[in-house]
Amino acid sequence: MDKRLDPKKLPQHLAVIMDGNGRWAKQRMLRRIVGHQKGVETVRVIVEECSRLGIGYLTLFAFSAENWLRPKAEVKALMTLLKQYIRAETGRMMQNDIRFNVIGNRGDLPPDIDREIQSTIDKTSGNKGMLLTLALSYGSRQEMVSAARKLATEAAAGRLDPASIDERAFGASLFTVGIPDPDLLIRTSGEMRISNFLLWQLAYAELYFTDVNWPDFDREELMRAFRDFQSRERRFGMTSEQLGQLPA
Ligand code: IPE
Ligand code: IPE
Ligand code: MG
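Scoring rules and cut-offs
Residues numbered from 1 in each chain as written. Chains lettered and ligands numbered in written order. Predicted model: local features only at pLDDT ≥ 70, side-chain atom pairs only at ≥ 80, totals over all residues. Heavy atoms only, no water. Axes fitted to C-alpha atoms, helices over the stretch in contact; angles between N-to-C directions. Helix = DSSP H or I, 4+ residues; strand = E, 2+ residues; numbered from the N terminus. Parallel < 35°, antiparallel > 145°, perpendicular 65-115°, else oblique. Left-handed = near helix turned anticlockwise from the far one by under 90°. Contact = heavy atoms within 4.5 Å. Nonpolar A, V, L, I, M, F, W, Y, C, P; charged D, E, K, R; others polar. UniProt positions renumbered as here; feature names shortened; annotations may be inferred. Polar contact = N/O pair within 3.5 Å; in protein donor to acceptor, adjacent residues only side chain to side chain. Near = heavy atom within 4 Å. Areas by Shrake-Rupley, 256 points an atom, 1.4 Å probe, with all protein chains shown as cover.

Student: An account of the packing of helix 2 (residues 32-53) against helix 3 (residues 72-95) is requested, with residue identities and associated values reported.
Tutor: For the pair helix 2 and helix 3, interaxial distance at closest approach is 11 Å and the crossing angle is 25°. Considered as vectors, helix 2 and helix 3 are oriented roughly parallel to each other. Seen along the crossing, helix 2 lies across helix 3 with a hand that is right-handed. Together, Arg-32, Ile-33, His-36, Gln-37, Val-40, Val-43, Arg-44, Val-47 and Glu-48 of helix 2 and Glu-74, Ala-77, Leu-78, Leu-81, Tyr-85, Ala-88, Glu-89 and Arg-92 of helix 3 make up the contact between the two elements. Of the residues contributing to the contact of helix 2 with helix 3, the split by class is nine nonpolar, two polar and six charged.

Next comes the structure, spelled out in structure tokens:
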């Protein structure tokens with residue numbers, strides 16, 4: 001591990017908006033899909049490194065609910081890559097004790113991919129290491145609307161007292177139930193926006209933006225982000241002085 005990193009102060013949950021595959025390819029006069037292929041290699045490296053470092057939860061934004069609006073050929077190529085990735089990586093997830101998970105509207109995905117996903121979730125369900133979550137056909141507003149609808153349905157049926165709906169109950173109705181909120185969000189490619197990713201869950205996450213495109217993001221860039229994260233003071237609304245008085 002990087003000597004400038006404190007192993008005790010790594011994020012428990014890292015979330016990543018993997019962006020810039022298309023621009024990476026365009027800069028090299030290549031097709032966008034080549035950028036996505038290269039991006040998959042980065043996923044392998046970063047998943048392996050996070051698991052080695054003992055990160056508890058890694059959540060990767062791989063395909064948004066809005067990405068269905070892209071040209072058909074690109075969507076198709078992305079789905080093919082996704083299937084290949086899941087199939088090829090299941091063995092490595094087993095070796096690294098990684099548990100696989102997906103958030104998003106799985107019903108939108110082609111059935112063969114959904115089956116592949118379920119098979120990997122089942123195979124890795126007994127693993128005890130890092131939880132790797134892919135956000136697929138994921139949109140945070142859709143997720144929250146669906147949570148509100150679930151709670152309203154329960155209340156209308158008389159099974160839930162509206163007064164009992166609190167942050168915990170709302171959070172438990174999201175795809176991310178059981179997963180602690182992200183401590184750190186990384187977005188690559190220089191864009192500084194959230195693009196409908198984990199709006200509820202990111203309430204107190206530290207945000208880290210880098211100009212590096214996802215295919216060029218590597219271990220060194222990950223360490224840079226972690227060093228930056230370790231330099232932040234997370235105050236959660238309190239003052240610096242108060243934090244100094246809290247028991248460690
Ligand atoms: C991220 O790269 C991958 C997906 C959104 C699927 P992009 O494809 O968004 O790359 P840019 O932003 O066009 O460069
Ligand atoms: C966000 O990237 C979604 C993923 C990384 C999967 P986009 O490239 O789709 O985001 P916008 O459209 O630039 O905000
Ligand atoms: Mg993009």
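Let's pick the thread back up.
Student: Outline the UniProt feature "active site" (unreviewed entry) in the protein, listing residues and values.
Tutor: Mapped onto the present numbering, the UniProt feature "active site" (unreviewed entry) falls at Asp-19 and Asn-67. Sequence-wise these annotated residues cover 49 residues; spatially they are packed, their C-alpha atoms never more than 12.1 Å apart. Looking at the secondary structure, you find Asp-19 in the loop between strand 1 (13-17) and helix 1 (21-27). In this view, Asp-19 contacts Arg-187, Thr-188, Ser-189, Glu-191, Asn-213 and Trp-214; residues no more than four positions away in its chain are not counted. One polar contact links Asp-19 to Arg-187, side chain to side chain, over a distance of 2.7 Å. With respect to the secondary-structure elements, Asn-67 resides in the loop between strand 2 (57-64) and helix 3.

Student: Kindly report on the site of ligand 2, identifying the contributing residues and their values.
Tutor: In the vicinity of ligand 2, the contacting residues are Ile-17, Met-18, Asp-19, Phe-61, Ala-62, Phe-63, Asn-67, Arg-70, Arg-187, Arg-193 and Ser-195. Side-chain polar atom of Asn-67 to an oxygen atom of ligand 2: 2.9 Å apart, as the coordinates give it. In the environment of ligand 2, an oxygen atom lies 2.7 Å from a nitrogen or oxygen atom belonging to the side chain of Arg-193. Protein chains bury 78% of the 390 Å² of accessible surface belonging to ligand 2 in isolation. No other element matches strand 2, which puts three residues into the shell around ligand 2.

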